[in-house]
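Listed here are the chains, written in short residue letters.
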Amino acid sequence: MIYIETIEEYDKLIFNIEDVDYDTVEIDFETTGLDIRTLIPILLGIKYGDDEIIINLLKIKDISKLLGIFVDKLWIAHNAKFEYSILKYHYKFELEKIWCTQVCNQVLTNGTDLKNSYDVCLERSFNIKLDKSVRNSFINRDLSLPITEAEKEYLLQDIRHLKRLKERQQHLGTTNVLLNCFDLENKFIPVLADMEMEGIKINTDKWNENTENYKKEAVNQVKLAKEKLLKLDNDFPNLLKEKFLSNKNKEDKEKNQLALFDKFEFTNKQLIIDGFNIGSSTQVKEIFKRCYLNLESTDEPSLNSFILNNRNHKLVPFVEYLLGTREYLKLVGTYGSSFLRYINPVTNKIHTNYMQAFTDTGRLSSNDPNLQNIPARAEIRSCFIPDSDKYIFVDVDLSGQELRLAASHSQDKILLQSFNEGLDLHSYLAQDTYRIINNNPNFIVSKQENVDLRNLHKTVLFGYLYGAGVKRIADVLNIPMDIAKKVYAKLKENLSDLTKYQNLLRTSVVRNKQIRCGSHINRIRYFNFHKEVNLEDYEIEKQGINFPIQSTGASMLKEAGIKIREYSKQHNNEVIIKLQVHDEYLIQIPKDKLYTIEYPYIEQEIKNIMEEVGSTYLKGLKMESEMKIAEYWSK
């Protein structure tokens, strides 16, 4: 081991390793924290061949010469996103060739409960047990203290086995035909890290204004719900017979009920309504009980199911206002002023933490905050803005991505016809459904007639796409089960190739307890291997049907992000990806680069990249995309 803490030692090291001919270099940092913008790098460990080097970064501030020697090598790290981010943010150095042992291990164990931390991977792969007791000595460390031998040894053990672990993963990846998936995920790491470091600005004044509006609307929804209850008193005589009680013990409850019963004749019904707590599940259930209905749960799916199955019931307007109240209260709680705590004080932007392979399908997830769940409400998304008025957003998403992938995987004639020949798929399927429901062979559904029925039927189609059955159709369309069975049978007939494809998936995934994505990426997901709780066969079938579409879609977006980053580097890094949410990229470009000779239709080039990459994942049809240009997040 070579320990470097003086300029003389550093210069000697550079002189001795300038002609390094190894293809790989292993790397790890020790820092005072995890926030890239506030942490202080303490130690850098580098291993190439048999040589192990530790650089004291508190003493050696400029490591550009050392990094330059290894610029063309393959950099191996565990959680390479972190190492990449430190090098770029603190040392202005970008890794291009990366192998992340953590991400590759997640790909290899996808669908299992196996952990992927470095120490766990080493113990599982080589029966090597690491001593991690020194780890916390670096966090918030007193930087005036000398580096200890234990700290040096701790860093060495973090780099000592990286290449060996990488070689084992490469062998397993070859055996399991996962090298394309490794390649995609490793190339996507810089895209992900750059998005995190870039962050995105929020118009805080508008955000706070939204919060106040949500509070007011929540109060208004409660008022309207209570007004509906008051008007229902004529239809349900027991509704306002006594006060609604909160969750107290049984004895107090009975005493209150007796007291109220004695004074009932003198009780003002408005006072009873005013005392109703719309946030109490017990009191909501009591409302249903007094209306001669039994409600087992007051959660959102149960209330929505009640509305779907009882459209003409007089209690429906109250339930709709109840759901509205909850919606606005959730907006206040999750996307109210408290959300602004995520604004970083250094950059005045929000920097989410992206996780690239933690979901079974390979789709991105994020936290602190979770930007994948940002509501598609115009007043919320319009608060996300470019870095300054010099920039503008290009917002690009894939058009009909899931249906296109279903068409490609299944080669269903009707789905392909809808994309290649202009068949109005939603009208075509909805019309057959409603002819069955109405027992009318001449019933018309189109973009001009019965449009609401056409739109409602989209939910049926997407449910069918992911394995939903008769009950789901009955619930969505509010029809009897016997009619829903006929609708389901007609869907199977109309989408016969899709149905055959799904049946093959069901049989295969239950038998093999694993499934591939069906694209050249070849991502695999395991079922009931190394799981604490095993799934039932029907759950495996449903998730197995979902996986090829969702996983291929995730890979498609990742590859598009890689290509957009390459395009940006060709244009002075002025094409900046701000967010990836589901099938959408939000990209910032300079306003003065729109429609110029130097940048010919830069926004169209971004759109072309999305479509060209997407089309490589499709068979028998092409991908299309939709684009918006605005001074805020507009989709």
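Fair warning: this is a prediction, and the values are worked out from it, not measured in the lab. (Residues numbered from 1 in each chain as written. Predicted model: local features only at pLDDT ≥ 70, side-chain atom pairs only at ≥ 80, totals over all residues. Heavy atoms only, no water.)

K.L.:
Can you help me understand the sheet that holds strand β16 (residues 624-630) in this one?
P.N.:
Neighbouring strands of a sheet are bound in pairs by backbone hydrogen bonds; such pairs are parallel or else antiparallel. Pairing is antiparallel across the open sheet formed by 4 strands, whose spatial order is β14-β15-β11-β16. Taken across any chain shown, the strands that pair with only one partner, and hence form the sheet edges, are β14 (576-581) and β16. The mean inter-strand angle of the sheet, taken between neighbouring strand axes irrespective of direction, is 20°. Sheet analysis places strand β11 (residues 391-399) next to strand β15 (residues 584-590), joined by 7 bridges and oriented antiparallel. Bridge pairing links I392 to I589 in β15. (Pairing = 2+ DSSP bridges. Helix = DSSP H or I, 4+ residues; strand = E, 2+ residues; numbered from the N terminus. Axes fitted to C-alpha atoms, helices over the stretch in contact; angles between N-to-C directions.)

K.L.:
Is there a simple way to think about the pattern of salt bridges in this case?
P.N.:
It is possible for side chains of opposite charge to pair when their charged atoms get near one another. Inspection of the entire model under this criterion finds 41 salt bridges. With its nearest N and O atoms 3.2 Å apart, the salt bridge here joins D194 to R565. In this pair, D194 is assigned in helix α8 (residues 179-198) and R565 in helix α23 (residues 537-570), connecting sequence segments 371 residues apart. The residues D194 and R565 share a single accessibility class, namely buried. Between K591 and E631 there is a salt bridge whose closest N-O contact spans 2.9 Å. Of the two residues, K591 sits in the loop between β15 and α24 (602-615) while E631 sits in the segment after β16, which places them 40 residues apart along the sequence. Taking the relative accessible area as the measure of exposure, E631 reaches 48% and is therefore partly exposed. Because the salt bridges share partners, they merge into one network encompassing K88, E94, E96, D194, R565 and K569. (Salt bridge = Lys/Arg side-chain N within 4 Å of Asp/Glu carboxyl O. Buried < 20%, exposed > 50% of the residue type's maximum accessible area, 1.4 Å probe, protein only.)

K.L.:
I would appreciate a short explanation of the sheet that holds strand β3 (residues 41-48) in the present structure.
P.N.:
An order of β1-β4-β3-β2-β5-β6 is seen for the 6 strands of this open sheet, with the pairing classed as mixed. Of all the strands in the sheet, just β1 (2-4) and β6 (98-100) have a single pairing partner and so form its edges. Averaged over all neighbouring strand pairs, the angle between strand axes comes to 20°, with direction disregarded. Bridge count for β1 against strand β4 (residues 51-56) is 3 bridges, and the pairing is parallel. Note that in β4 the partner of Y3 across the bridge is I54. Strands β1, β3 and β4 of the sheet are contacted by helix α1 (residues 7-17), whose axis makes an angle of about 135° with β1. (Contact = heavy atoms within 4.5 Å.)

K.L.:
Help me out: how do you make sense of the environment of N136 in this one?
P.N.:
Relative to the helices and strands, N136 resides in the loop between α5 (118-126) and α6 (149-160). Taking the C-alpha atoms as reference points, N136 and G33, 103 residues apart in sequence, are found 9.7 Å from one another.

K.L.:
Mind showing me how you'd approach the nonpolar core here?
P.N.:
Note on soluble globular proteins: their nonpolar side chains tend to be buried together. W207, F384, I473, L495, I564, Y585 and I589 are the most contacted members of the largest nonpolar core, which totals 129 residues. Tallying contributions element by element places α23 first for this core, with 9 residues. Beyond its immediate chain neighbours, meaning those up to four positions away, I589 contacts K390, Y391, I392, V394, E574, V575, L594, I602 and I606. Counting 39 residues, the second largest nonpolar core, distinct from the first, contains I17, Y48, A80 and I98. (Core = buried A, V, L, I, M, F, W, Y, C linked by side-chain atoms within 4.5 Å.)

K.L.:
Looking at this model, I keep getting lost on unusual backbone geometry. Mind explaining?
P.N.:
Leaving glycine aside, a negative phi is the common case for residues, and trans is the common case for peptide bonds. Cis peptide bonds are those with omega within 30 degrees of zero, and the linkage from D368 to P369 qualifies with 0°. Inspection of the secondary structure assignment puts P369 in the loop between β9 (365-367) and α15 (378-381). In this structure, Q411 is a non-glycine residue whose phi angle is positive, near 55°. Relative to the helices and strands, Q411 resides in the loop between α16 (401-410) and α17 (413-420). By relative accessible area, which is 28% here, Q411 ends up partly exposed. A positive phi is found at K513, a non-glycine position, where the angle reads about 55°. Summarising the element assignment, K513 is placed in the loop between α22 (496-512) and β12 (514-516).

K.L.:
Would you explain α6 in this entry?
P.N.:
Along an α-helix, residues three or four positions apart point the same way, because every turn accommodates 3.6 residues. For α6, with 12 residues, the first-to-last C-alpha span of 16 Å sits near the 16 Å given by 1.5 Å per residue. Packing partners of the buried residues in α6 comprise β1, β2 (24-31), β3, β4, α5 and α7 (162-175). (Expected span 1.5 Å × (residues − 1).)

K.L.:
In this structure, what is going on with the packing of aromatic side chains? I would like to understand it.
P.N.:
All told, the structure shown has 19 aromatic pairs when counted by the stated rule. Ring centres 6.3 Å apart and planes at 80° place the aromatic pair F70 and W75 in the edge-to-face group. Take W75: its relative accessible area is 1%, and that puts it in the buried class. Relative to F443, the ring of Y434 lies with its centre 6.4 Å away and its plane at 35°, an arrangement referred to as tilted. The class for Y434 is buried, based on a relative accessible area of 7%. Put simply, the rings of W207, Y335, F339, Y342, F384 and W633 touch in pairs and so form one group of aromatic residues. (Phe/Tyr/Trp six-rings, centres within 6.5 Å; stacked < 30°, edge-to-face > 60°.)

K.L.:
Help me out: how do you make sense of a negative patch on the surface in this one?
P.N.:
A surface patch of like charges, here negative, comprises E5, E8, E9 and D11. Looking at the element boundaries, E8 is found in helix α1. Taking relative accessible area as the criterion, E8 reaches 59% and is therefore assigned exposed. (Patch = residues over 30% accessible without salt bridge, like charges linked within 9 Å, V, L, I, M, F, W, Y side chains within 5 Å. Areas by Shrake-Rupley, 256 points an atom, 1.4 Å probe, with all protein chains shown as cover. Lys, Arg positive; Asp, Glu negative; His and termini not counted. Charge placed at Lys NZ, Arg CZ, Asp CG, Glu CD.)

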